[in-house]
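Remarks on the overall topology
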Amino acid sequence: MEDSLLARDYITEDFHSLRLLRLFLPTHDRLDEPQRWSEILPAGVELAGSTDWNELWSAHSLEHADAELPRAPLGTLDLSTAQALGEILIAHFGPRYPLHTRSWVGRARAFPPDATSSSFDGHEFVHEILGIEEVIASAMRDQVPEFVEDPFKTFAWGTCLYPDSLIIAAEPMLFRALHQDPRLEAVSIMSHRDILPAPFEG
C-alpha cells in the first residue's frame, strides 16, 4: 500500500489559508439505502479527520458478526449528499459558476482532444472547466472529479482515486454551511496531522 498523504496535500497551496473539512460519503446496504459512517461507530468514539473506514468496519464486525459488508461509495455521490452539496454550492456561487476540475484519465470517459493534463501522486489528471451543476451531475452519474477549485480561491476539494470522502477547503461562510448541514457527515481537519487513509477495501 502506498503511504498515505496528509489531507492538506490534496489541496493546492493557493488554498492553504482556508479551513479544511472532510466530507464522508455514505456507503450503501444491500437494499441500496445510504449508511452513514457514524452508524457503526463504537461507543464513545467520534469521527475524525483521519478515520479509516476499513478499521472502523473491522471493529464493528468484531462486535456484530452477522453484519453484512456494505457497498463502498467509490467516489459516486448518493442523492442526499449530491442534493445537499449542490444546494449549498449553488446558493454560494450560482448554478453555472465555472470551477476548474481535474479528473483521473483512467476512467472511461471522452475528454476534448485539446485538453491539458497534470500529474499528482503518480497519476495523470485531465483539466476541464465545469459549472457546479455539471460537477454534481457528473458525481452522481460517474464519479466526483478528484480535484475541484474555485479560480478565485474561496473553495476547493481534493481526494484520492475511487474515494470514500472529500477533503474540502472553504472560506468561513461556506465552511460553516457545509459543516453544519445535517444532511452531510463532515468533520474539521487538523491540517498538521490528519491523513486521508487508503480508500474502502470492501
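Now for a description of the structure that goes with this document. Residue indices begin from 1 for each chain and proceed along its sequence in written order. Owing to the predicted nature of the model, reporting of local features is limited to residues with pLDDT of at least 70; listing and counting of side-chain atom pairs is limited to 80 or more, with chain, interface and lining totals taken over all residues. Side-chain measures here rest on the full set of heavy atoms in the structure, leaving out hydrogens and waters.

Comments concerning empty space enclosed by the protein
Quick reminder of the rule: The rule is simple: put a 1 Å grid over the protein atoms alone, call a set of points where a 1.4 Å probe fits but cannot get out a cavity, call an open set with protein on both sides within 12 Å along at least five of seven lines a pocket, and count a residue as lining if it has an atom within 4 Å of a point. Grid points are joined across faces, edges and corners, and a volume is the space filled by probe spheres set on the points. Following the grouping adopted for this structure description, the nonpolar residues are Ala, Val, Leu, Ile, Met, Phe, Trp, Tyr, Cys and Pro, the charged ones are Asp, Glu, Lys and Arg, and the polar ones are all others, Gly among them.
Going through the model one piece at a time under the given rule, you end up with one cavity of 30 Å³ or more. The volume enclosed by the largest cavity comes to roughly 40 Å³. A breakdown of the residues in the lining of the largest cavity according to their chemical character gives four nonpolar, one polar and three charged.

Topic: the side chain of Arg 22
Just so we agree on the cut-off: Put simply, DSSP H or I for four residues or longer makes a helix, DSSP E for two residues or longer makes a strand, and each gets a number counted from the N terminus. The classification of residues rests on relative accessible area computed with a 1.4 Å probe and restricted to protein chains. Under 20% of the type maximum is buried, over 50% is exposed, and intermediate values are partly exposed. Pairing of N or O atoms within 3.5 Å defines a polar contact, subject to two protein rules: one partner must be a possible hydrogen donor and the other a possible acceptor, and residues neighboring in sequence count only if both atoms are side-chain atoms.
Residue position: Arg 22 is located in strand β1 (residues 19-24). The class for Arg 22 is buried, based on a relative accessible area of 1%. For Arg 22, the side chain forms a polar contact with the main-chain oxygen of Thr 51, separated by 2.7 Å.

With respect to the nonpolar core
Using the following cut-off: Among the buried residues, those of types Ala, Val, Leu, Ile, Met, Phe, Trp, Tyr and Cys that are joined through side-chain atoms within 4.5 Å form a nonpolar core. Throughout, a contact is declared for two residues whenever any of their heavy atoms are within 4.5 Å.
Of all hydrophobic cores here, the largest spans 29 residues; its most connected members are Phe 155, Trp 157, Ile 168 and Leu 178. Elements with a minimum of two residues in this core: β1, α2 (79-93), α3 (132-141), β8 (155-158), β9 (165-170) and α4 (172-180). Looking at this core element by element, the count peaks at six residues for α2. Dropping the residues within four chain positions of it, Leu 178 is found in contact with Leu 21, Leu 85, Ile 88, Ile 168, Ala 170, Leu 184 and Ala 186.

Section: the packing of aromatic side chains
To be explicit about the condition: For Phe, Tyr and Trp, rings pair up if their centres lie within 6.5 Å, where Trp contributes its six-membered ring, and each pair is then called stacked (planes under 30 degrees apart), edge-to-face (over 60) or tilted (otherwise).
The tally for this structure, following the rule as stated, stands at ten aromatic pairs. A ring pair is formed by Phe 24 and Trp 37, whose centres lie 4.7 Å apart and whose planes are at 50 degrees; its orientation type is tilted. In this pair, Phe 24 sits in strand β1 while Trp 37 sits in the loop between β3 (34-35) and α1 (53-63), placing the two residues 13 residues apart along the sequence. For the pair Phe 24 and Trp 37, a shared accessibility class is recorded, and that class is buried. Measuring from ring centre to ring centre gives 6.1 Å for Trp 53 and Trp 57, while their planes differ by 20 degrees; the resulting arrangement is stacked. You can see Trp 53 and its partner Trp 57 sitting in helix α1, four residues apart, about one turn around the helix. As far as the burial class goes, Trp 53 and Trp 57 line up, both buried. Among the aromatic residues, those joined into a cluster by ring pairs are Tyr 10, Phe 120, Phe 125 and Phe 147.

Everything listed here is a matter of geometry and, on its own, says nothing about what the molecule does.
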